[in-house]
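# Examination of the molecular architecture
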Amino acid sequence: MFSSYRPEDVTILLKDITGQIAPQSTEERERRIQSGGHYSEMLPVEYEPSPEYLGAYSAAMERYAPITAWAVARTAELIWRDLGERAVLVSLARAGTPIGILLKRYLRARYGAEVPHYTISIIRGRGIDRNAMDYILARHDPASLQFVDGWTGKGAIQRQLEEAMEDYPQVDPGLAVLSDPACVARRCGTHDDFLIPSSCLNATVSGLLSRTVLRGDLIGPGDFHGAVCYESLRDRDLTYSFIREIEGAFPAEPPAAAPSPPPDRNLGMEEVRDICKNFGVRDINLVKPGIGEATRVLLRRLPWKLLVRSLDDSEHLGHLYQLAQEKHVEVLEYPLQYYRACGIIRSLADT
């Protein structure tokens, strides 16, 4: 365990490459990505939150811990309904890992079940970690696996899972997420684009782990995908503070309401295509819809604009406004239908 996660909460199927890869500046990393390099071959410099931003995170926790806890409960109940005690949670590192821990703890508290929980890497454009999949499938029934993430943006990871599971036909590729505004997940707490507080931070709410890395000089044929542990951030680690606060807000009774049936799965993508057209964005990968994805743009990419459904929505978007102010990013009101916010990455070809 090369992280601050506890072994009873999650089995980490990642290779420790701490000290073997140097982080790159946002500008250098963005230049390489937009020139054809793959994001999984490099790591960004971890954003260290300002006091003002940590204040926005604390406010988000106070406001959204009960909603997040309800979404955990709703998602866990759907998993229990369909899989029961045979469920095996497979969270997608790194945003899915704290969510998987919360689902595991909910099922233990509600049903006394000790479901296994693993975290593995899946990388857009590169696929899932096959060595990690082989490890899990050597120990568990393929039909028992439930993939877990925090939220959906455009649905790229869901599509990547569907493609990857063509090689594992007995495994259901459907995701379980707390927030599914893209309407692509198999199971979710809600289709509402709400703020999951863990999306506000990076390693310090994710067991001090980096995002995952897949590079030939670091990851051999028999290795799991890699990750770095940021020990230098140990004194600022909020991972278990987040988990305990959400766990403490679990509802006393199982949520009665189920998410409404999803509309056409293509509607979210149609909205993204309209944004590309209206703002002259040629690469759809530069448009990141949803609160969680917009947060990631502001934290570790080179942001150009932040679109919001309402400029007066500090209740949901206060942390985004704080980041936009710190990074001098223009915030525009835009008639978003399926998302509350959308980040647009600066195209270096246009600069």
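Residues numbered from 1 in each chain as written. Predicted model: local features only at pLDDT ≥ 70, side-chain atom pairs only at ≥ 80, totals over all residues. Heavy atoms only, no water.

### Structural notes on the overall build of the protein chain
Tallying secondary structure elements over the protein chain gives nine helices and 14 strands in all. By the compact-globule yardstick of 20 Å for 351 residues, the protein chain fits well, its C-alpha radius of gyration being 19 Å. On the principal axes, the C-alpha backbone points of the protein chain span a range of 55 × 50 × 40 Å. Surface summary for the protein chain: the accessible area is close to 14300 Å², and the carbon and sulfur share equals 47%. Looking at charge distribution, the protein chain has the averaged site of its 40 positive side-chain charges lying 2 Å from that of its 48 negative ones. (Helix = DSSP H or I, 4+ residues; strand = E, 2+ residues; numbered from the N terminus. Rg over C-alpha atoms; globule rule 2.2 N^0.38 Å. Areas by Shrake-Rupley, 256 points an atom, 1.4 Å probe, with all protein chains shown as cover. Lys, Arg positive; Asp, Glu negative; His and termini not counted. Charge placed at Lys NZ, Arg CZ, Asp CG, Glu CD.)

### Thoughts on the side chain of Arg300
As for its position among the elements, Arg300 is in helix α8 (residues 291-300). Here Arg300 occupies a buried position and makes no salt bridge, while the nearest side chain of opposite charge, Glu46, is found at 6.1 Å. (Buried < 20%, exposed > 50% of the residue type's maximum accessible area, 1.4 Å probe, protein only. Salt bridge = Lys/Arg side-chain N within 4 Å of Asp/Glu carboxyl O.)

### A few points about the packing of aromatic side chains
On inspection of all chains with the given rule, the structure shows six aromatic pairs. Plain terms: the ring middles of Tyr47 and Tyr53 are 5.6 Å apart, the flat faces sit at 85° to each other, and that makes the pair edge-to-face. Given a relative accessible area of 0%, Tyr53 falls into the buried group. Note on Trp80 and Tyr111: the rings are 4.3 Å apart at their centroids and 10° apart in plane angle, and the pair reads as stacked. In this pair, Trp80 sits in helix α2 (residues 51-83) while Tyr111 sits in helix α3 (residues 96-111), placing the two residues 31 residues apart along the sequence. Among the residues examined, Trp80 registers a relative accessible area of 21% and is labelled partly exposed. Taking relative accessible area as the criterion, Tyr111 reaches 33% and is therefore assigned partly exposed. The structure contains a cluster of three or more aromatic residues connected by ring pairs, namely Tyr118, Tyr135 and Phe224. Across from the ring centre of Tyr240, 4.1 Å away, lies the NZ or CZ of Arg6, which sits over that ring. Arg139 extends its terminal NZ or CZ atom over the ring of Tyr135, reaching a point 3.5 Å from the ring centre. (Phe/Tyr/Trp six-rings, centres within 6.5 Å; stacked < 30°, edge-to-face > 60°. Lys NZ or Arg CZ within 6 Å of the ring centre and 35° of its normal.)

### Some thoughts on the pairing of strand β7 (residues 145-148)
What you see with β7 is no split at all: Leu145 and Phe147 on one side and Gln146 and Val148 on the other are buried throughout. With four bridges connecting them, strand β3 (residues 88-92) and β7 associate as parallel partners. Its bridge partner lying in β7, Val90 is registered against Phe147. Inspection of the sheet shows β7 paired to strand β8 (residues 175-179) by two bridges, in the parallel sense. (Pairing = 2+ DSSP bridges.)

### A short note on the packing of α3 against helix α6 (residues 239-248)
Viewed as axis vectors pointing N to C, α3 and α6 meet at an angle of 40°, and their least axial separation amounts to 10 Å. By crossing handedness, the relation of α3 to α6 is classed as right-handed. The segment α3 lies against α6, with Pro98, Ile101, Leu102 and Arg105 engaging Tyr240, Phe242, Ile243, Ile246 and Glu247. Residue composition of the contact of α3 with α6, grouped by class: seven nonpolar, no polar and two charged. (Axes fitted to C-alpha atoms, helices over the stretch in contact; angles between N-to-C directions. Left-handed = near helix turned anticlockwise from the far one by under 90°. Contact = heavy atoms within 4.5 Å. Nonpolar A, V, L, I, M, F, W, Y, C, P; charged D, E, K, R; others polar.)

### Some details on the sheet that holds β8
The six strands lie next to each other as β1-β4-β3-β7-β8-β9, forming an open sheet whose pairing is parallel. In this open sheet, the two strands that pair with only one neighbour each are β1 (11-12) and β9 (187-190). On the sheet, α3 packs against β3, β4 (117-120), β7 and β8 and is oriented at approximately 155° with respect to β3. Strands β3, β7 and β8 of the sheet are contacted by helix α5 (residues 156-164), whose axis makes an angle of about 170° with β8.

### Notes on the environment of Leu348
Here Leu348 shows up in the segment after β14 (341-345). Along the sequence, Leu348 and Ser35 sit 313 residues apart, while their C-alpha atoms lie 9.0 Å from each other.

### As for α6
Each turn of an α-helix holds 3.6 residues, which means side chains three or four residues apart point in the same direction. For α6, every residue scored as buried is listed here: Thr239, Tyr240, Phe242, Ile243 and Ile246. Down the axis of α6, the smallest arc covering the buried residues is 155°, so these residues share one side. Among the structural elements, α2 and α3 are those in contact with the buried residues of α6. (Arc of directions from axis to C-beta.)

### Regarding the sheet that holds strand β13 (residues 330-333)
The sheet built from four strands is open, its strands ordered β11-β14-β12-β13 with mixed pairing. At either margin of the open sheet sits one strand with a lone partner, and together these are β11 (287-289) and β13. Mean inter-strand twist for the sheet, computed between neighbouring axes without regard to direction, equals 20°. Judged from the five bridges that link them, strand β12 (residues 303-308) and β14 form a sheet pairing that is antiparallel. Bridge pairing in β14 links Pro303 to Ile345. Sheet contacts for α8: β11, β12 and β14; angle to β14, the most-contacted strand, approximately 35°. The sheet contacts of helix α9 (residues 314-326) involve β12, β13 and β14, and relative to β12 the element is tilted by about 150°.

### Digging into unusual backbone geometry
Cis peptide bonds are those with omega within 30 degrees of zero, and the linkage from Ala93 to Arg94 qualifies with 5°. With respect to the element layout, Arg94 can be found in the loop between β3 and α3. A positive phi is found at Cys183, a non-glycine position, where the angle reads about 60°. Here Cys183 lies in the loop between β8 and β9.

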